[in-house]
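# Topology and contacts: notes
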Amino acid sequence: MAVCTGCSLLCEDIELVMTAGAISQVKNLCRKGQGHFQSLLTERTKPMIDGQEVKLDQAIGKAAEILKNAKRPLLYGWSNSTMEAQAVGIDLAKKLGATIDDSSSFCQGILMERILAGKIPTSTLDDVRNYADTSIFWGSDPSNSHPRHLSRFSYYPRGEKRQKSYEEERTCIVVDVRKSATARLCSNYYFRLPPGGDAEFVEAILAVLEGKIPKTGDKKRIIELGSILKKTEYGVIFPGRGLVNSLQDKMDLFENLLAKLNEITAFKVIPMVEHYNARGFNQLLLDKTGFIKRVIFQSGLASQEQSLVAATKNCDAALVIGSDPLSDLPFGMAHALAKIPLIAIDPHRSLTTDAAKVVIPAALSGLEAGGTALRMDGVMIKFESIIKSEHSSDEQILTKIMEAI
Ligand code: SF4
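The model shown is predicted, which means the values in this text are computed figures rather than measured ones.

### Focus: the overall build of the protein
If you tally the helices and strands in the protein, you get 19 helices and 18 strands. Here the C-alpha radius of gyration of the protein, 22 Å, is about what a compact globule of 405 residues would show, namely 22 Å. When each of the 405 residues of the protein is scored for burial, the buried share is 56%. Long-range pairs, those at least 24 residues apart, make up 69% of the contacts in the protein with a sequence separation of at least 6. If you sum the accessible surface of the protein, you get close to 17400 Å²; carbon and sulfur atoms cover 48% of it. Between the centroid of the 49 positive side chains of the protein and the centroid of its 48 negative side chains there is a distance of 3 Å.

### A few points about the packing of helix α3 (residues 83–96) against helix α14 (residues 278–289)
Taken N-terminus to C-terminus, the directions of α3 and α14 make an angle of 45 degrees; their axes are 10 Å apart at the nearest point. As far as their axial angle goes, α14 and α3 are oblique. In this structure, α3 meets α14 at a crossing whose hand is right-handed. Residues M83, Q86, A87, I90 and D91 of α3 touch α14, and the partners they reach there are G280, F281, L284, L285 and K288.

### A closer look at the environment of A318
With respect to the helices and strands, the residue A318 is situated in strand β14 (residues 317–321). By relative accessible area, which is 1% here, A318 ends up buried. For the pair A318 and N262, spaced 56 residues apart in sequence, the C-alpha to C-alpha distance is 44 Å. With near-sequence residues (within four places) excluded, A318 lies in contact with L74, L337, I340, P341, L342 and I343.

### Examining the packing of helix α10 (residues 198–209) against helix α13 (residues 251–264)
Closest axis-to-axis distance for the α10/α13 pair is 10 Å, and the angle between their directions is 25 degrees. Compared by their axis directions, α10 and α13 come out roughly parallel. For α10 against α13, the interelement crossing comes out left-handed. Contact residues: α10 offers A199, V202, E203, I205, L206 and L209, while α13 offers L253, F254, N256, L257, K260, L261 and I264.

### A word on the sheet that holds strand β7 (residues 134–138)
With parallel pairing, 5 strands are arranged side by side in an open sheet as β9-β8-β7-β10-β11. Whereas interior strands pair on both sides, the edge strands pair on one side only; in this sheet they are β9 (190–192) and β11 (266–269). Strand-to-strand twist of the sheet, defined as the mean angle between neighbouring strand axes without regard to direction, takes the value 15 degrees. Bridge analysis of β7 against strand β10 (residues 234–239) gives 5 bridges, and the strand direction is parallel. Bridge pairing in β10 places T134 opposite G235. In this fold α13 packs onto β7, β10 and β11, with an angle of close to 150 degrees to the strand it touches most, β11.

### Points about the side chain of D346
Within the secondary structure, D346 sits in strand β15 (residues 342–346). Comment: no salt bridge for buried D346; closest opposite-charge side chain is R44, at 7.7 Å. If we skip the residues at most four places from it in the chain, D346 touches T45, G322, S323, T353, I360, P361 and A362.

### Focus on the sheet that holds strand β16 (residues 358–361)
Strand order across the open sheet formed by 9 strands is β4-β3-β16-β15-β14-β5-β6-β12-β13, with mixed pairing between neighbours. The strands lining the two open edges of the sheet, one partner per strand, are β4 (52–53) and β13 (301–304). Where strand β3 (residues 48–49) meets β16, 2 bridges bridge the pair, whose relative direction is antiparallel. Residue pairing for β16: I49 is matched across the bridge by V358. Sheet contacts for helix α2 (residues 56–69): β3, β5 (73–77), β14, β15 and β16; angle to β16, the most-contacted strand, approximately 130 degrees.

### Here we look at the pairing of β13
Sheet topology note: the strand β12 (residues 295–298)/β13 ladder contains 4 bridges and is antiparallel. Bridge pairing in β13 places V295 opposite Q304. Counted along the chain from β12 to the antiparallel partner β13, the turn is 2 residues long, and its residue S299 has a positive phi close to 50 degrees.

### A closer look at helix α4 (residues 109–116)
Burial runs high along α4: 6 of the 8 residues are buried. Among all positions of α4, only G109, L111, M112, R114, I115 and L116 are buried. Packing partners of the buried residues in α4 comprise β10, α12 (241–247), α13, β11 and α14. Positive backbone phi, at 80 degrees, marks G118, one or two positions downstream of α4.

### Some remarks on helix α19 (residues 394–404)
D394, I397, L398, I401 and M402 are the residues of α19 that are buried. What you see down the axis of α19 is that its buried residues fit within an arc of 135 degrees, all on one side. The inward-facing, buried residues of α19 contact α2, α3, β14, β15 and β16.

### Points about the pairing of β16
Across the two faces of β16 the burial is the same, with V358 and I360 and V359 and P361 all buried. As defined by bridge partners, β15 adjoins β16 across 4 bridges and the pair is classed as parallel. Directly across from I345, in β16, lies its bridge partner I360.

### Some thoughts on unusual backbone geometry
Not every positive phi belongs to a glycine, and S165 is a case in point at roughly 45 degrees. Looking at the element boundaries, S165 is found in helix α8 (residues 165–168). Using a relative accessible area of 0% as the deciding quantity, one classes S165 as buried. With a phi angle near 45 degrees, Q248 is a residue other than glycine that sits in the positive phi range. Residue position: Q248 is located in the loop between α12 and α13.

Cut-offs used in this document
Residues numbered from 1 in each chain as written. Predicted model: local features only at pLDDT ≥ 70, side-chain atom pairs only at ≥ 80, totals over all residues. Heavy atoms only, no water. Helix = DSSP H or I, 4+ residues; strand = E, 2+ residues; numbered from the N terminus. Rg over C-alpha atoms; globule rule 2.2 N^0.38 Å. Buried < 20%, exposed > 50% of the residue type's maximum accessible area, 1.4 Å probe, protein only. Contact = heavy atoms within 4.5 Å. Areas by Shrake-Rupley, 256 points an atom, 1.4 Å probe, with all protein chains shown as cover. Lys, Arg positive; Asp, Glu negative; His and termini not counted. Charge placed at Lys NZ, Arg CZ, Asp CG, Glu CD. Axes fitted to C-alpha atoms, helices over the stretch in contact; angles between N-to-C directions. Parallel < 35°, antiparallel > 145°, perpendicular 65-115°, else oblique. Left-handed = near helix turned anticlockwise from the far one by under 90°. Pairing = 2+ DSSP bridges. Salt bridge = Lys/Arg side-chain N within 4 Å of Asp/Glu carboxyl O. Arc of directions from axis to C-beta.

This is a description of form; function is not addressed.
In structure tokens form, the structure reads like this:
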């Protein structure tokens, strides 16, 4: 059995047949996982300095030189790396007096902070499969982002206490600004919101739970939703970026909603983080520094950077690992990063590797390199490499950079 690192579900039931050292047959992969496995063969990076191919040791030496000479280095990425690599990355940041961050500042960070602090109750996906009768996908679309979510855990499987499953015992609710693939699947309970309308919707649900008439929205349907929530025995909300980006500094409202729901019944939250080890980075950084994101080390002590915008503006060199910030970050930040010396550690070519001063090729985690990661629900998953590779793992590369500094 192999583990797929195509998304944060980290499916552990992938069956492979290897012929002459290559994968010849594969079972249980979804289409996203297929693409992930096939990426072994496409657009692989080579060690480069200033666009010229070099030996790996030269690229590592140049990366160490850039980081050593930088006054305010930024180490960015991490959610597609193993926990072992993330641990070396945090040590490297401490040694350099650098800022370290992942994309959670723009994704689920503000929600994950509350989950890891125990302010919002959470659950494992195994409990969802065994006990959950109501799943709410709020601003998330698992049919595309985590294609086996509904079949393995939240809607179709027959769990210990949910033998009648989706036919009789499970309700799937979707709250979104558009009729996503998941919303089409659960169309009886699809609630369409205007962009930015999540706070009003939370207030309307809270009103219904308190026995009042909601002031906004389709009152009849919100009252119907309220009665489903009240009858729920074990409910789980799976928020995506849509909800988090819409609520932002009104996240207290969501916390209030969970507190109210838990006065009535059991309701949990599992953030739908996307990259396979996004939760692992937040947890590890919290364990080592007391913060889940945007940590800056000064004289060996950790504090929190004001914002990632400030970090990208102030840094004079950046190491980017398993991430493509020049494509993914807002223009101002991407532009700031493109102007400084970039070191990109990545298995694949991207806009960031194309713009980088130094490129260091890495093994693909889960396929060419083993390690551990935290699934989206915080459960630790171990995996072995399944293919022999000439590439070094992220952990090995970072260790060499650290030794060279
Ligand atoms: S759901 Fe995610 S982890 Fe599972 S096979 Fe698909 S891409 Fe891989």
